[in-house]
Amino acid sequence: REARGVREGVAIYDGAPLGLHAIDGPDALALIQHACTARYDTLAPGMGRYGLMLTEDGLILDDGVVFRLAADRFLLSCSTGNADAVGLHLERILQIDRPDWRVRVVNLTHQWMNATICGPQARAVLSRLTDLDLSPGAFPFMGLREGRVAGLRARLARVSFTGELSWEINVRPRDLPALWAALLQAGADQGIMAIGSEANHVLRVEKGFLSLGHEADGTVDPWDLGMGWAMAAGKGDFIGLRSVRLRRASGRPRRELVGVVPGDPDTALPEGAPLTPGGRAAASAP
């Protein structure tokens, strides 16, 4: 019911647990370029770009969107479970690898709360609460804008974890209850509903988005998951690039993520079930 509400109408969910780090200073861009797989030197202020963060052995540590606020100011979003690990990873770079870089990293995960409005009717509902221009031309996908929503100071990001039209609305912790109530009231005639993390997870997997902890478990590289496109070409060296290239050049077989759809749409595949020839039941272990 919750997933259908997002696909067909409008819903809100609590995005506050997602990790968020502020990165600023004269060498902020250098740190972002070094730590992430995408290219950010071409990113305009007020826009974001998706990318991966790899370990030194070329395996996926985390994924997220980097937003550029100014020439030397960035916001880096990451997964909930890896928020602290990403912060420590960046600090290790600054303290051990590049102590000469002038960068400040601040964990904002608990400093901003987040209500995300999503679904085909999200623009219509949100426009009732803000004077910001939400049209595709003025507020494109991956855009970041600051303004007021329901009279509250907010920072809005047009990104999507569900695959549907979405805005993350970031406010001060004290303002989240008022924002949440205003969104529910503004979308009441559209059947707006609050959804949980399970529906969010179902929707992102449907869209083929990366699922940290399931598909990225510390043993896979971008090509294992069909995400080689996230490795920017022509940006120079970054953490994990050499290891990924050596692994791919070895010719050794690697696991590959594929999608599986049951022949009967009403049949749920048990998690951890083996795939067998012809769908026959696997023989029990002796």
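Note that the coordinates shown come from a computational prediction; the quantities given were computed from them, not determined experimentally. Here the residue index of a chain counts from 1 through its sequence in written order. This being a predicted model, a pLDDT of at least 70 is required before a residue's local features are given, and a value of 80 or more before pairs of side-chain atoms are given or counted; all residues contribute to the totals for chains, interfaces and linings. Side-chain measures here rest on the full set of heavy atoms in the structure, leaving out hydrogens and waters.

A. Region of interest: the overall build of the protein chain. In this text, helices come from DSSP runs of H or I with a minimum length of four residues, and strands from runs of E with a minimum of two, each type numbered from the N-terminal end. Of the regular secondary structure elements, the protein chain holds seven helices and eleven strands. Compactness check: the protein chain gives a C-alpha radius of gyration of 21 Å against a globular reference of 19 Å for 286 residues, within 12% of the reference. A principal-axis box enclosing the C-alpha atoms of the protein chain has dimensions of 65 × 55 × 30 Å. Only protein chains enter the accessibility calculation, which uses a 1.4 Å probe; a residue whose area is less than 20% of its type maximum is buried, one above 50% is exposed, and one in between is partly exposed. Here the protein chain, with 286 residues, has 46% of them falling under the buried criterion. Contact criterion: two residues are considered in contact whenever any of their non-hydrogen atoms come within 4.5 Å of each other. The contacts of the protein chain with a sequence gap of at least 6 include a subset with a gap of at least 24, amounting to 66%. Method for areas: the Shrake-Rupley scheme with a 1.4 Å probe, in which residue coverage is limited to the protein chains shown. Taken as a whole, the protein chain presents about 14,800 Å² of accessible surface, with 53% of it coming from carbon and sulfur. Each radius of gyration reported is based on C-alpha atoms, and the globular scaling rule is 2.2 Å times the count of residues to the power 0.38.

B. Just helix α2 (residues 28-35), in detail. All of the buried residues in α2 are A28, L31, I32, Q33 and A35. Structurally, α2 contributes buried residues whose contacts are with β2 (19-24), β3 (47-54), β4 (60-70), β5 (73-78), α3 (83-97) and β6 (104-107).

C. Layout of the environment of A28. Among the secondary structure elements, A28 is positioned in helix α2. You can call A28 buried: its relative accessible area is 0%. A28 sits 16 residues away from I12 along the chain, and the two C-alpha atoms are 33 Å apart. With sequence-adjacent residues up to four places away left out, A28 is seen in contact with I23, D72, F74, R102 and V103.

D. Just the environment of R123, in detail. Here R123 is to be found in helix α4 (residues 122-126). For the pair R123 and V86, spaced 37 residues apart in the sequence, the C-alpha separation amounts to 32 Å. Sequence-distant contacts of R123, that is, excluding residues within four places in its chain, are made with L134, S135, P136, R158, L165 and W167.

E. Quick peek at the pattern of salt bridges. In what follows, salt bridge is the name for a side-chain nitrogen of Lys or Arg lying within 4 Å of a carboxyl oxygen of Asp or Glu. Taken as a whole and assessed by the stated rule, the structure comprises 15 salt bridges. With a shortest N-O distance of 2.8 Å, R39 and D41 are connected by a salt bridge. What makes D41 partly exposed here is its relative accessible area of 36%. Here R92 ties to D97 by a salt bridge, and the two come within 3.2 Å at their closest N and O atoms.

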